[in-house]
Amino acid sequence: MDGEQDRLLPIANVGRMMKQTLPPTAKISKEAKQTMQECATEFISFVTGEASDKCQKENRKTVNGDDICWALSSLGFDDYAEAIVRYLHKYREAERERSANQHEASGTDRGEESNHESKQPVFKVPGGLEFRVLDKGSSSSFTNPS
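This section reports on the structure supplied with the text. (Residues numbered from 1 in each chain as written. Predicted model: local features only at pLDDT ≥ 70, side-chain atom pairs only at ≥ 80, totals over all residues. Heavy atoms only, no water.)

1. Looking at the overall build of the chain
- Each helix and strand counted, the chain has 5 helices and 3 strands in total.
- Helices and strands in the chain line up, N terminus first, as α-α-α-α-α-β-β-β.
- Taking all 146 residues of the chain together, 21% fall into the buried category.
- Here the analysis covers contacts within the chain between residues at least 6 apart in sequence; of these, 32% occur between residues at least 24 apart. (Helix = DSSP H or I, 4+ residues; strand = E, 2+ residues; numbered from the N terminus. Buried < 20%, exposed > 50% of the residue type's maximum accessible area, 1.4 Å probe, protein only. Contact = heavy atoms within 4.5 Å.)

2. Side note on the nonpolar core
- Within the largest apolar cluster, 5 residues are counted, these being Val47, Ala51, Ala71, Leu72 and Ala81.
- Those elements that place two or more of their residues in this core are α3 (30-57) and α4 (65-74).
- When residues no more than four places from it in sequence are discounted, the contact partners of Ala51 are Val63, Asp67, Ile68 and Ala71. (Core = buried A, V, L, I, M, F, W, Y, C linked by side-chain atoms within 4.5 Å.)

3. Structural notes on the packing of aromatic side chains
- For the coordinates displayed, the defined rule picks out 4 aromatic pairs.
- Ring centres of Phe43 and Phe77 lie 5.1 Å apart, and the angle between their planes is 85 degrees; this geometry places the pair in the edge-to-face category. In this pair, Phe43 sits in helix α3 while Phe77 sits in the loop between α4 and α5 (78-106), placing the two residues 34 residues apart along the sequence.
- What makes Phe77 partly exposed here is its relative accessible area of 24%.
- With a centroid separation of 6.2 Å and 25 degrees between ring planes, the pair formed by Tyr87 and Tyr91 is classed as stacked. Linking Tyr87 with Tyr91, this pair stays in helix α5, spanning 4 residues, or about one helical turn.
- Note on Tyr87: relative accessible area 22%, which makes it partly exposed.
- What links up through ring pairs into an aromatic cluster is the set Phe43, Phe77 and Tyr80.
- The aromatic ring of Trp70 is capped on one face by Lys54, whose charged end is 5.5 Å from the ring centroid. (Phe/Tyr/Trp six-rings, centres within 6.5 Å; stacked < 30°, edge-to-face > 60°. Lys NZ or Arg CZ within 6 Å of the ring centre and 35° of its normal.)

4. Here we look at the pattern of salt bridges
- Taken as a whole and assessed by the stated rule, the structure comprises 7 salt bridges.
- Residue Arg7 pairs with Glu38 through a salt bridge whose shortest N-O separation is 2.6 Å. Note that Arg7 is positioned in helix α1 (residues 2-7) and Glu38 in helix α3, a separation of 31 residues in sequence.
- Classification of Arg7 by relative accessible area gives partly exposed; the value is 41%.
- Residue Lys54 is joined to Asp67 by a salt bridge in which the shortest nitrogen-to-oxygen separation is 3.4 Å. Of this pair, Lys54 sits in helix α3 while Asp67 sits in helix α4, and the two are 13 residues apart along the sequence.
- Taking relative accessible area as the criterion, Lys54 reaches 17% and is therefore assigned buried.
- In this structure Asp67 comes out as buried when scored by relative accessible area, which is 2%. (Salt bridge = Lys/Arg side-chain N within 4 Å of Asp/Glu carboxyl O.)

Right under this line is the structure:
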């Protein structure tokens, strides 16, 4: 059982995400959380496997965001692929800006970290969720503003 639990997403995280999309008074059963945990884990594995197959055919070892978008689309999840492509574009844009701001603040053109606290970009995706780009070592976060 421990081996299976290791491959699954943390149930507390799954429950939190589910709760954010429901009315405040709604309850979620343990069975519902476990079912969603299994489904979400399987979905991630399914999409990642498809992206990995593409990378292997192209003799690449690293799966990137574009590969995930391609896999979503090739598996028939075009609506999700379009949303993720938009997010990926905004994420890369924010990373370029953040990098430029760090270089400007540190007075260098190299990728050295500065003590300058950059403002964290926020990306909104369908469903009312917000994703924040965090510095390395920080926990990822998303919020539902409603």
